[in-house]
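Summary of structural features
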Amino acid sequence: MTTAIRLPRLPLAIKSGLSWPGLSTRPSSIALLAALLGLLSLQWPFVVLRQNRVMPLGDDYSLLSLNATFAGLAAAGWLLFAVSALLVPGKLRKAALALSLSLAAGASLAALTWGAQHLTIDNEFSRVSIAAGAWSSLAAIYIALFALQSEAPWWLFAPLLALASLAVTAPYGHLGIVLEYQAVSDVFQQELIRHLLLVAATLPLAILAGAAIGLLAVRQPAAEGVLLSVTSFLQTVPSIALFGLMLPLLSAYGRHVTVAGALLFAIALLVFAGAGWLLLQRWPQPLLLTVYGVIVALGLLVLLPVLAISVYQLLANGAEFIGNLHLSASFADLGLRGLGAAPAIVALVLYGIWPIVIQTHTGLSSVPAAILEAARGMGMSARQIFWRVELPLAAPFLVQGLRGALLLLIGLSTVAVLVNAGGLGFFLLRGTEQSVSDLVLLGSLPVVVLAFAADAITRSLAWALTPRGG
(Lines give C-alpha, C1' and ligand atoms only; values in the text may rest on other atoms or scores of the structure.)
Protein backbone atom coordinates (compact mmCIF):
# COMPACT_ATOMS: atom_id res chain seq x y z
CA MET A 1 0.00 0.00 0.00
CA THR A 2 1.36 3.41 -1.00
CA THR A 3 1.42 5.95 1.79
CA ALA A 4 2.90 9.39 2.31
CA ILE A 5 6.20 8.94 4.13
CA ARG A 6 8.37 11.67 5.55
CA LEU A 7 12.10 11.46 4.90
CA PRO A 8 13.93 11.72 8.25
CA ARG A 9 17.34 11.71 6.55
CA LEU A 10 16.63 14.87 4.54
CA PRO A 11 16.93 17.90 6.87
CA LEU A 12 15.22 20.24 4.39
CA ALA A 13 12.19 17.95 4.18
CA ILE A 14 11.97 17.81 7.97
CA LYS A 15 12.19 21.57 8.42
CA SER A 16 9.66 22.37 5.70
CA GLY A 17 7.27 19.57 6.63
CA LEU A 18 7.24 18.16 3.07
CA SER A 19 6.25 14.55 2.42
CA TRP A 20 6.96 12.40 -0.62
CA PRO A 21 4.26 9.90 -1.64
CA GLY A 22 5.52 6.46 -2.71
CA LEU A 23 9.10 6.87 -1.51
CA SER A 24 10.72 4.42 0.86
CA THR A 25 12.62 5.15 4.04
CA ARG A 26 14.91 2.27 3.10
CA PRO A 27 16.03 2.73 -0.50
CA SER A 28 18.21 0.12 -2.11
CA SER A 29 21.74 1.39 -1.43
CA ILE A 30 23.26 -1.18 -3.81
CA ALA A 31 21.00 -0.01 -6.64
CA LEU A 32 21.87 3.62 -5.94
CA LEU A 33 25.56 2.75 -6.03
CA ALA A 34 25.11 1.04 -9.39
CA ALA A 35 23.23 4.04 -10.78
CA LEU A 36 25.90 6.46 -9.57
CA LEU A 37 28.67 4.38 -11.14
CA GLY A 38 26.71 4.09 -14.37
CA LEU A 39 26.19 7.84 -14.59
CA LEU A 40 29.86 8.56 -13.87
CA SER A 41 30.83 6.15 -16.65
CA LEU A 42 29.16 8.41 -19.21
CA GLN A 43 31.94 10.98 -19.01
CA TRP A 44 34.92 8.60 -18.77
CA PRO A 45 36.67 7.23 -21.90
CA PHE A 46 34.36 4.53 -23.19
CA VAL A 47 36.45 3.29 -26.12
CA VAL A 48 39.91 4.01 -27.56
CA LEU A 49 40.51 4.17 -31.31
CA ARG A 50 43.95 2.83 -32.25
CA GLN A 51 45.39 3.02 -35.77
CA ASN A 52 46.94 -0.48 -35.51
CA ARG A 53 47.32 -3.35 -33.04
CA VAL A 54 50.64 -2.24 -31.52
CA MET A 55 49.77 1.43 -31.18
CA PRO A 56 50.18 2.20 -27.44
CA LEU A 57 48.05 5.35 -27.53
CA GLY A 58 44.89 6.33 -29.34
CA ASP A 59 41.93 8.68 -29.42
CA ASP A 60 39.62 8.49 -26.40
CA TYR A 61 35.86 8.65 -26.87
CA SER A 62 33.45 8.97 -23.98
CA LEU A 63 29.96 7.60 -24.34
CA LEU A 64 28.66 11.15 -24.73
CA SER A 65 31.07 11.94 -27.58
CA LEU A 66 30.71 8.52 -29.19
CA ASN A 67 26.96 8.53 -29.76
CA ALA A 68 24.62 11.10 -28.22
CA THR A 69 21.51 8.95 -28.72
CA PHE A 70 22.85 5.89 -26.95
CA ALA A 71 24.39 8.10 -24.25
CA GLY A 72 21.01 9.75 -23.64
CA LEU A 73 19.29 6.36 -23.39
CA ALA A 74 21.93 5.08 -20.98
CA ALA A 75 21.68 8.21 -18.83
CA ALA A 76 17.89 7.95 -18.78
CA GLY A 77 18.12 4.29 -17.80
CA TRP A 78 20.48 4.95 -14.91
CA LEU A 79 18.42 7.93 -13.68
CA LEU A 80 15.24 5.84 -13.77
CA PHE A 81 17.09 3.04 -12.00
CA ALA A 82 18.08 5.44 -9.22
CA VAL A 83 14.51 6.74 -8.91
CA SER A 84 13.21 3.15 -8.85
CA ALA A 85 15.54 2.36 -5.96
CA LEU A 86 13.83 5.09 -3.92
CA LEU A 87 10.33 3.66 -4.38
CA VAL A 88 8.45 1.72 -1.73
CA PRO A 89 9.24 -2.01 -2.08
CA GLY A 90 6.60 -3.72 -4.15
CA LYS A 91 5.65 -4.78 -7.65
CA LEU A 92 6.13 -1.30 -9.09
CA ARG A 93 9.67 -1.02 -7.73
CA LYS A 94 10.63 -4.47 -9.02
CA ALA A 95 9.32 -3.80 -12.51
CA ALA A 96 10.85 -0.33 -12.63
CA LEU A 97 14.25 -1.62 -11.56
CA ALA A 98 14.19 -4.38 -14.19
CA LEU A 99 13.01 -2.20 -17.08
CA SER A 100 15.30 0.75 -16.33
CA LEU A 101 18.29 -1.59 -16.01
CA SER A 102 17.35 -3.17 -19.34
CA LEU A 103 17.39 0.28 -20.93
CA ALA A 104 20.76 1.29 -19.41
CA ALA A 105 22.50 -2.01 -20.14
CA GLY A 106 21.10 -2.28 -23.65
CA ALA A 107 22.12 1.28 -24.53
CA SER A 108 25.67 0.68 -23.24
CA LEU A 109 26.08 -2.49 -25.30
CA ALA A 110 24.59 -0.81 -28.37
CA ALA A 111 27.04 2.08 -28.00
CA LEU A 112 30.01 -0.30 -27.83
CA THR A 113 28.90 -2.18 -30.96
CA TRP A 114 26.73 -0.13 -33.33
CA GLY A 115 27.81 3.20 -31.85
CA ALA A 116 31.55 2.61 -32.30
CA GLN A 117 31.37 0.78 -35.62
CA HIS A 118 31.84 3.92 -37.71
CA LEU A 119 35.22 4.75 -36.13
CA THR A 120 37.14 2.16 -38.19
CA ILE A 121 35.60 2.83 -41.60
CA ASP A 122 38.46 4.99 -42.92
CA ASN A 123 41.33 2.68 -41.89
CA GLU A 124 41.27 -1.09 -42.35
CA PHE A 125 44.07 -1.54 -39.78
CA SER A 126 42.40 0.52 -37.04
CA ARG A 127 40.59 -1.06 -34.13
CA VAL A 128 38.45 -0.07 -31.18
CA SER A 129 39.67 -1.07 -27.71
CA ILE A 130 37.47 -1.14 -24.65
CA ALA A 131 38.33 1.67 -22.19
CA ALA A 132 37.67 2.46 -18.53
CA GLY A 133 34.19 3.88 -19.10
CA ALA A 134 32.97 0.65 -20.69
CA TRP A 135 34.47 -1.46 -17.90
CA SER A 136 32.92 0.75 -15.21
CA SER A 137 29.58 0.49 -17.05
CA LEU A 138 29.94 -3.28 -16.97
CA ALA A 139 30.69 -3.12 -13.24
CA ALA A 140 27.61 -0.93 -12.73
CA ILE A 141 25.47 -3.43 -14.64
CA TYR A 142 26.81 -6.30 -12.55
CA ILE A 143 26.10 -4.44 -9.29
CA ALA A 144 22.63 -3.53 -10.57
CA LEU A 145 21.93 -7.16 -11.46
CA PHE A 146 22.97 -8.14 -7.94
CA ALA A 147 20.60 -5.52 -6.50
CA LEU A 148 17.77 -6.75 -8.73
CA GLN A 149 18.45 -10.37 -7.85
CA SER A 150 18.24 -9.61 -4.12
CA GLU A 151 14.81 -7.99 -4.53
CA ALA A 152 13.20 -9.67 -7.53
CA PRO A 153 15.13 -12.68 -8.87
CA TRP A 154 12.34 -13.53 -11.31
CA TRP A 155 12.76 -10.12 -12.97
CA LEU A 156 16.35 -10.88 -13.95
CA PHE A 157 15.08 -12.27 -17.23
CA ALA A 158 14.26 -8.76 -18.50
CA PRO A 159 17.78 -7.23 -18.58
CA LEU A 160 19.42 -10.55 -19.43
CA LEU A 161 17.01 -11.12 -22.33
CA ALA A 162 17.59 -7.58 -23.59
CA LEU A 163 21.37 -8.04 -23.48
CA ALA A 164 21.19 -11.46 -25.11
CA SER A 165 18.98 -10.16 -27.93
CA LEU A 166 21.36 -7.30 -28.66
CA ALA A 167 24.46 -9.47 -28.31
CA VAL A 168 23.23 -11.91 -30.96
CA THR A 169 22.61 -9.22 -33.57
CA ALA A 170 25.34 -6.66 -32.73
CA PRO A 171 28.45 -6.15 -34.91
CA TYR A 172 31.84 -6.87 -33.33
CA GLY A 173 34.25 -6.75 -36.25
CA HIS A 174 35.68 -3.39 -35.20
CA LEU A 175 36.65 -4.46 -31.67
CA GLY A 176 40.32 -5.21 -31.07
CA ILE A 177 39.70 -8.30 -28.94
CA VAL A 178 37.56 -9.82 -31.72
CA LEU A 179 40.24 -9.11 -34.32
CA GLU A 180 42.83 -10.78 -32.09
CA TYR A 181 40.59 -13.82 -31.66
CA GLN A 182 40.07 -14.11 -35.40
CA ALA A 183 43.84 -14.13 -35.90
CA VAL A 184 44.54 -16.84 -33.29
CA SER A 185 41.23 -18.72 -33.07
CA ASP A 186 42.80 -22.20 -33.43
CA VAL A 187 45.44 -21.49 -30.79
CA PHE A 188 42.82 -19.94 -28.50
CA GLN A 189 40.66 -23.06 -28.56
CA GLN A 190 43.64 -25.27 -27.79
CA GLU A 191 44.80 -23.10 -24.89
CA LEU A 192 41.28 -22.83 -23.51
CA ILE A 193 41.01 -26.62 -23.47
CA ARG A 194 44.41 -26.90 -21.76
CA HIS A 195 43.32 -24.34 -19.17
CA LEU A 196 40.14 -26.29 -18.42
CA LEU A 197 42.09 -29.57 -18.27
CA LEU A 198 44.46 -28.11 -15.68
CA VAL A 199 41.53 -27.05 -13.52
CA ALA A 200 39.70 -30.36 -14.03
CA ALA A 201 42.79 -32.42 -13.16
CA THR A 202 43.63 -30.34 -10.09
CA LEU A 203 40.20 -29.98 -8.51
CA PRO A 204 39.54 -33.64 -7.50
CA LEU A 205 43.03 -33.95 -5.99
CA ALA A 206 42.56 -30.69 -4.06
CA ILE A 207 39.13 -31.82 -2.84
CA LEU A 208 40.40 -35.17 -1.59
CA ALA A 209 43.46 -33.70 0.11
CA GLY A 210 41.68 -30.67 1.55
CA ALA A 211 38.69 -32.64 2.85
CA ALA A 212 40.98 -35.23 4.47
CA ILE A 213 43.10 -32.57 6.18
CA GLY A 214 40.02 -30.66 7.36
CA LEU A 215 38.40 -33.81 8.72
CA LEU A 216 41.60 -34.84 10.49
CA ALA A 217 41.91 -31.37 12.03
CA VAL A 218 38.39 -31.73 13.49
CA ARG A 219 38.82 -35.30 14.71
CA GLN A 220 42.31 -34.80 16.17
CA PRO A 221 42.50 -31.50 18.09
CA ALA A 222 46.16 -32.16 18.93
CA ALA A 223 47.06 -31.93 15.22
CA GLU A 224 44.65 -29.10 14.39
CA GLY A 225 47.11 -26.25 14.85
CA VAL A 226 49.87 -27.91 12.84
CA LEU A 227 47.59 -28.88 9.94
CA LEU A 228 46.00 -25.46 9.59
CA SER A 229 49.34 -23.68 9.97
CA VAL A 230 51.06 -25.75 7.29
CA THR A 231 48.23 -25.37 4.76
CA SER A 232 48.07 -21.63 5.37
CA PHE A 233 51.84 -21.35 5.00
CA LEU A 234 51.63 -22.87 1.52
CA GLN A 235 49.61 -19.84 0.41
CA THR A 236 52.57 -17.57 1.13
CA VAL A 237 55.01 -19.38 -1.18
CA PRO A 238 55.33 -17.49 -4.51
CA SER A 239 54.28 -19.59 -7.47
CA ILE A 240 57.41 -18.80 -9.48
CA ALA A 241 59.63 -19.87 -6.59
CA LEU A 242 57.63 -23.08 -6.21
CA PHE A 243 58.01 -23.82 -9.92
CA GLY A 244 61.75 -23.23 -9.66
CA LEU A 245 62.05 -25.66 -6.76
CA MET A 246 60.05 -28.37 -8.49
CA LEU A 247 61.78 -28.17 -11.88
CA PRO A 248 64.92 -30.22 -11.03
CA LEU A 249 63.06 -32.46 -8.57
CA LEU A 250 60.32 -33.49 -10.99
CA SER A 251 62.79 -33.83 -13.82
CA ALA A 252 64.78 -36.41 -11.84
CA TYR A 253 61.57 -37.95 -10.48
CA GLY A 254 60.19 -38.63 -13.95
CA ARG A 255 63.43 -40.19 -15.23
CA HIS A 256 64.02 -42.57 -12.31
CA VAL A 257 60.54 -43.58 -11.11
CA THR A 258 58.70 -46.31 -13.01
CA VAL A 259 55.08 -47.39 -12.80
CA ALA A 260 56.07 -50.52 -10.85
CA GLY A 261 58.08 -48.46 -8.36
CA ALA A 262 55.21 -46.06 -7.81
CA LEU A 263 52.77 -48.95 -7.24
CA LEU A 264 55.07 -50.62 -4.71
CA PHE A 265 55.55 -47.34 -2.86
CA ALA A 266 51.78 -46.73 -2.79
CA ILE A 267 51.10 -50.23 -1.43
CA ALA A 268 53.79 -49.82 1.24
CA LEU A 269 52.39 -46.45 2.27
CA LEU A 270 48.89 -47.91 2.47
CA VAL A 271 50.06 -50.77 4.69
CA PHE A 272 52.02 -48.37 6.88
CA ALA A 273 49.00 -46.06 7.24
CA GLY A 274 46.71 -48.98 8.10
CA ALA A 275 49.11 -50.34 10.71
CA GLY A 276 49.50 -46.87 12.18
CA TRP A 277 45.73 -46.46 12.39
CA LEU A 278 45.37 -49.74 14.32
CA LEU A 279 48.26 -48.79 16.58
CA LEU A 280 46.76 -45.40 17.35
CA GLN A 281 43.45 -47.02 18.24
CA ARG A 282 45.21 -48.83 21.09
CA TRP A 283 47.76 -46.15 22.06
CA PRO A 284 46.37 -42.73 21.13
CA GLN A 285 49.51 -40.78 22.00
CA PRO A 286 49.83 -37.24 20.50
CA LEU A 287 53.52 -37.74 19.71
CA LEU A 288 52.84 -41.03 17.93
CA LEU A 289 49.99 -39.42 15.99
CA THR A 290 52.26 -36.56 14.92
CA VAL A 291 55.01 -38.91 13.73
CA TYR A 292 52.64 -41.10 11.74
CA GLY A 293 50.84 -38.10 10.32
CA VAL A 294 54.06 -36.48 9.09
CA ILE A 295 55.30 -39.71 7.50
CA VAL A 296 51.98 -40.38 5.71
CA ALA A 297 51.74 -36.76 4.57
CA LEU A 298 55.27 -36.89 3.11
CA GLY A 299 54.43 -40.16 1.40
CA LEU A 300 51.34 -38.70 -0.20
CA LEU A 301 53.36 -35.66 -1.26
CA VAL A 302 55.82 -38.01 -2.99
CA LEU A 303 52.92 -39.66 -4.85
CA LEU A 304 51.29 -36.34 -5.77
CA PRO A 305 53.21 -35.84 -9.05
CA VAL A 306 52.25 -39.35 -10.15
CA LEU A 307 48.59 -38.72 -9.36
CA ALA A 308 48.73 -35.30 -11.01
CA ILE A 309 50.12 -36.43 -14.36
CA SER A 310 47.93 -39.57 -14.36
CA VAL A 311 44.69 -37.63 -13.91
CA TYR A 312 45.75 -35.01 -16.47
CA GLN A 313 46.75 -37.55 -19.10
CA LEU A 314 43.58 -39.56 -18.58
CA LEU A 315 41.51 -36.44 -19.21
CA ALA A 316 43.63 -35.17 -22.11
CA ASN A 317 44.27 -38.40 -24.04
CA GLY A 318 43.07 -41.35 -22.03
CA ALA A 319 43.40 -44.10 -24.65
CA GLU A 320 46.98 -43.20 -25.55
CA PHE A 321 47.99 -42.90 -21.90
CA ILE A 322 46.51 -46.29 -21.00
CA GLY A 323 48.20 -47.85 -24.05
CA ASN A 324 51.61 -46.60 -22.89
CA LEU A 325 51.03 -47.65 -19.28
CA HIS A 326 53.12 -50.69 -18.34
CA LEU A 327 55.13 -51.61 -15.27
CA SER A 328 58.55 -50.83 -16.71
CA ALA A 329 57.55 -47.46 -18.18
CA SER A 330 59.16 -44.41 -16.62
CA PHE A 331 56.91 -41.50 -15.76
CA ALA A 332 59.04 -39.22 -17.94
CA ASP A 333 57.72 -41.19 -20.92
CA LEU A 334 54.19 -40.63 -19.57
CA GLY A 335 54.61 -36.87 -19.34
CA LEU A 336 56.05 -36.27 -15.87
CA ARG A 337 58.88 -33.78 -16.41
CA GLY A 338 60.26 -30.62 -14.84
CA LEU A 339 58.25 -28.59 -17.35
CA GLY A 340 54.68 -29.21 -18.40
CA ALA A 341 51.44 -30.14 -16.69
CA ALA A 342 52.95 -32.01 -13.71
CA PRO A 343 54.60 -29.06 -11.88
CA ALA A 344 51.61 -26.86 -12.67
CA ILE A 345 49.11 -29.32 -11.18
CA VAL A 346 51.26 -30.03 -8.11
CA ALA A 347 51.51 -26.31 -7.39
CA LEU A 348 47.82 -25.76 -8.01
CA VAL A 349 46.89 -28.59 -5.64
CA LEU A 350 49.07 -27.12 -2.89
CA TYR A 351 47.41 -23.73 -3.36
CA GLY A 352 43.88 -25.06 -3.87
CA ILE A 353 43.55 -27.13 -0.69
CA TRP A 354 43.39 -24.10 1.63
CA PRO A 355 39.73 -23.05 1.02
CA ILE A 356 38.59 -26.66 1.23
CA VAL A 357 40.50 -27.30 4.46
CA ILE A 358 39.08 -24.19 6.12
CA GLN A 359 35.48 -24.74 5.05
CA THR A 360 35.58 -28.45 5.91
CA HIS A 361 36.95 -27.63 9.35
CA THR A 362 34.42 -24.83 9.86
CA GLY A 363 31.45 -26.86 8.62
CA LEU A 364 32.11 -29.94 10.73
CA SER A 365 32.99 -27.85 13.80
CA SER A 366 29.76 -25.85 13.53
CA VAL A 367 27.46 -28.86 13.89
CA PRO A 368 25.65 -28.28 17.22
CA ALA A 369 26.70 -30.62 20.00
CA ALA A 370 23.04 -31.13 20.95
CA ILE A 371 22.31 -32.66 17.55
CA LEU A 372 25.26 -35.02 17.87
CA GLU A 373 24.11 -36.07 21.34
CA ALA A 374 20.61 -36.70 20.02
CA ALA A 375 22.03 -38.84 17.21
CA ARG A 376 24.05 -40.89 19.70
CA GLY A 377 20.98 -41.24 21.88
CA MET A 378 19.13 -42.73 18.91
CA GLY A 379 21.78 -45.45 18.70
CA MET A 380 23.62 -44.22 15.62
CA SER A 381 27.19 -45.35 15.10
CA ALA A 382 30.01 -42.88 14.47
CA ARG A 383 29.87 -43.64 10.74
CA GLN A 384 26.11 -43.11 10.60
CA ILE A 385 26.42 -39.84 12.48
CA PHE A 386 29.02 -38.60 10.01
CA TRP A 387 27.12 -39.51 6.83
CA ARG A 388 23.57 -38.79 8.00
CA VAL A 389 24.04 -35.87 10.40
CA GLU A 390 27.37 -34.08 10.16
CA LEU A 391 27.89 -34.22 6.40
CA PRO A 392 24.42 -32.92 5.42
CA LEU A 393 24.65 -30.04 7.93
CA ALA A 394 28.16 -29.15 6.79
CA ALA A 395 27.32 -29.46 3.08
CA PRO A 396 26.83 -25.69 2.47
CA PHE A 397 30.27 -25.02 3.96
CA LEU A 398 31.82 -27.76 1.85
CA VAL A 399 30.33 -26.24 -1.30
CA GLN A 400 31.72 -22.85 -0.29
CA GLY A 401 35.13 -24.49 0.02
CA LEU A 402 34.65 -26.00 -3.42
CA ARG A 403 33.69 -22.57 -4.72
CA GLY A 404 36.77 -20.92 -3.24
CA ALA A 405 39.10 -23.62 -4.58
CA LEU A 406 37.51 -23.55 -8.04
CA LEU A 407 37.80 -19.78 -8.36
CA LEU A 408 41.39 -19.91 -7.10
CA LEU A 409 42.34 -22.62 -9.58
CA ILE A 410 40.71 -20.84 -12.53
CA GLY A 411 42.74 -17.73 -11.79
CA LEU A 412 46.04 -19.37 -10.84
CA SER A 413 46.05 -21.64 -13.90
CA THR A 414 47.07 -18.59 -15.91
CA VAL A 415 50.58 -18.81 -14.43
CA ALA A 416 50.96 -22.41 -15.66
CA VAL A 417 52.30 -21.00 -18.91
CA LEU A 418 55.53 -20.20 -17.05
CA VAL A 419 56.29 -23.94 -16.89
CA ASN A 420 55.13 -24.65 -20.42
CA ALA A 421 51.77 -26.07 -19.29
CA GLY A 422 49.76 -23.76 -21.54
CA GLY A 423 46.40 -22.28 -20.66
CA LEU A 424 44.92 -18.84 -21.18
CA GLY A 425 47.98 -17.31 -19.57
CA PHE A 426 49.65 -17.89 -22.95
CA PHE A 427 47.86 -14.83 -24.33
CA LEU A 428 48.64 -12.76 -21.26
CA LEU A 429 52.33 -13.51 -21.69
CA ARG A 430 52.36 -12.95 -25.46
CA GLY A 431 50.30 -9.79 -25.21
CA THR A 432 52.64 -8.37 -22.59
CA GLU A 433 55.71 -9.24 -24.63
CA GLN A 434 54.25 -7.62 -27.77
CA SER A 435 52.62 -4.70 -25.92
CA VAL A 436 49.22 -5.59 -27.43
CA SER A 437 46.53 -4.81 -24.86
CA ASP A 438 43.78 -6.52 -26.85
CA LEU A 439 45.74 -9.80 -26.81
CA VAL A 440 46.12 -9.49 -23.03
CA LEU A 441 42.38 -8.94 -22.84
CA LEU A 442 41.78 -12.03 -24.97
CA GLY A 443 43.52 -14.10 -22.30
CA SER A 444 42.08 -12.41 -19.23
CA LEU A 445 38.43 -11.94 -20.21
CA PRO A 446 37.67 -15.69 -20.59
CA VAL A 447 39.20 -16.27 -17.15
CA VAL A 448 36.81 -13.68 -15.69
CA VAL A 449 33.85 -15.26 -17.50
CA LEU A 450 34.81 -18.75 -16.26
CA ALA A 451 35.17 -17.43 -12.70
CA PHE A 452 31.76 -15.73 -12.79
CA ALA A 453 30.13 -18.88 -14.20
CA ALA A 454 31.75 -21.09 -11.56
CA ASP A 455 30.75 -18.63 -8.84
CA ALA A 456 27.12 -18.59 -9.97
CA ILE A 457 26.89 -22.38 -10.19
CA THR A 458 28.50 -23.05 -6.80
CA ARG A 459 26.49 -20.31 -5.10
CA SER A 460 23.29 -21.86 -6.45
CA LEU A 461 24.42 -25.28 -5.25
CA ALA A 462 25.22 -23.93 -1.77
CA TRP A 463 21.82 -22.23 -1.62
CA ALA A 464 20.07 -25.47 -2.61
CA LEU A 465 21.94 -27.44 0.07
CA THR A 466 21.33 -24.94 2.86
CA PRO A 467 18.66 -26.29 5.27
CA ARG A 468 15.54 -24.16 5.45
CA GLY A 469 13.81 -23.47 8.75
CA GLY A 470 10.26 -24.47 8.78
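Refer to the structure above for everything that follows.
Here is what the cut-offs are and how they apply
Residues numbered from 1 in each chain as written. Predicted model: local features only at pLDDT ≥ 70, side-chain atom pairs only at ≥ 80, totals over all residues. Heavy atoms only, no water. Helix = DSSP H or I, 4+ residues; strand = E, 2+ residues; numbered from the N terminus. Buried < 20%, exposed > 50% of the residue type's maximum accessible area, 1.4 Å probe, protein only. Contact = heavy atoms within 4.5 Å. Expected span 1.5 Å × (residues − 1). Polar contact = N/O pair within 3.5 Å; in protein donor to acceptor, adjacent residues only side chain to side chain. Pairing = 2+ DSSP bridges. Axes fitted to C-alpha atoms, helices over the stretch in contact; angles between N-to-C directions. Phe/Tyr/Trp six-rings, centres within 6.5 Å; stacked < 30°, edge-to-face > 60°. Core = buried A, V, L, I, M, F, W, Y, C linked by side-chain atoms within 4.5 Å. Patch = residues over 30% accessible without salt bridge, like charges linked within 9 Å, V, L, I, M, F, W, Y side chains within 5 Å. Areas by Shrake-Rupley, 256 points an atom, 1.4 Å probe, with all protein chains shown as cover. Salt bridge = Lys/Arg side-chain N within 4 Å of Asp/Glu carboxyl O.

Focus on the side chain of Gln313
- Within the element layout of this structure, Gln313 appears in helix 13 (residues 286-323).
- Gln313 sits in the buried class, given a relative accessible area of 13%.
- Those residues in contact with Gln313, other than ones at most four positions away along the chain, are Gly318, Phe321, Leu334 and Gly335.

Considering helix 4 (residues 68-85)
- If you check helix 4, its first and last C-alpha atoms are 26 Å apart, about what 18 residues at 1.5 Å a residue would give, namely 26 Å.
- Those residues of helix 4 not exposed but buried are Phe70, Ala71, Ala74, Ala75, Gly77, Trp78, Phe81, Ala82, Ser84 and Ala85.
- On its buried side, helix 4 packs onto helix 2 (29-41), helix 3 (63-66), helix 5 (91-113) and helix 6 (132-151).
- One side-chain oxygen at the N-terminal end of helix 4 lies 3.1 Å from the backbone nitrogen of Thr69; it belongs to Asn67.

Describing the sheet that holds strand 4 (residues 59-62)
- Across the sheet, which stays open at both edges, the three strands sit in the order 4-3-5 with antiparallel pairing between neighbours. Strands with a single pairing partner mark the edges of an open sheet, and in this sheet they are strand 4 and strand 5 (127-130). Mean inter-strand twist for the sheet, computed between neighbouring axes without regard to direction, equals 30 degrees.
- Lying on the sheet, helix 6 is in contact with strand 3 (45-50) and strand 5; it crosses strand 3 at an angle near 140 degrees.

Notes on helix 6
- For helix 6, built from 20 residues, the straight-helix expectation of 28 Å at 1.5 Å per residue is met to within 8% by its first-to-last C-alpha distance of 29 Å.
- Of all the residues in helix 6, the buried ones are Gly133, Ala134, Ser136, Ser137, Ala140, Ile141, Ala144, Leu145, Ala147 and Leu148.
- Buried positions along helix 6 lie against helix 2, strand 3, helix 4, helix 5, strand 5 and helix 7 (157-169).

Observations regarding the packing of aromatic side chains
- Scanning the model with the defined rule gives seven aromatic pairs in all.
- With centroids separated by 6.0 Å and ring planes inclined at 90 degrees, the aromatic side chains of Trp78 and Phe81 adopt a geometry described as edge-to-face. Taken as a pair, Trp78 and Phe81 lie in helix 4 at a separation of three residues, close to a single helical turn.
- On the numbers, 5.3 Å between centres and 85 degrees between planes, the contact of Phe426 with Phe427 is edge-to-face.
- Members of the aromatic cluster, connected to one another through ring pairs, are Tyr181, Phe188, Phe426 and Phe427.

A short note on the environment of Ser251
- Of note, Ser251 is situated in helix 11 (residues 239-256).
- Measuring from C-alpha to C-alpha, the distance between Ser251 and Leu364 comes to 39 Å, with 113 residues separating the pair along the chain.
- Setting aside residues no more than four positions away along its own chain, Ser251 makes contact with Met246, Arg337 and Gly338.

Re the nonpolar core
- Counting 78 residues, the largest nonpolar core has Phe46, Leu198, Phe331, Leu336 and Ile345 as the members making the most contacts within it.
- By size, the runner-up hydrophobic cluster in this structure holds 23 residues, among which are Ala34, Ile141, Ala144 and Ala152.

Focus on a nonpolar patch on the surface
- Judged by side-chain polarity, Leu36, Leu40 and Trp44 come together as a nonpolar surface patch covering roughly 250 Å² of accessible area.
- Mapped onto the secondary structure, Leu36 falls in helix 2.

Some details on the pattern of salt bridges
- Under the criterion given, the structure shown has ten salt bridges.
- Close ionic contact of Arg219 with Glu390 constitutes a salt bridge, the shortest N to O distance being 2.8 Å. Taken together, the residues span a long stretch of sequence, with Arg219 in helix 9 (residues 185-219) and Glu390 in helix 16 (residues 382-412) at a distance of 171 residues.
- The residue Glu373 makes a salt bridge to Arg376 at a minimum N-O spacing of 3.1 Å. Pair noted here: Glu373 and Arg376 are both in helix 15 (residues 369-377), with a separation of three residues, about one helical turn.
- Here the residues in one salt-bridge network are Arg53, Arg127, Glu180 and Asp438, joined through shared partners.

Geometry only, nothing functional implied.
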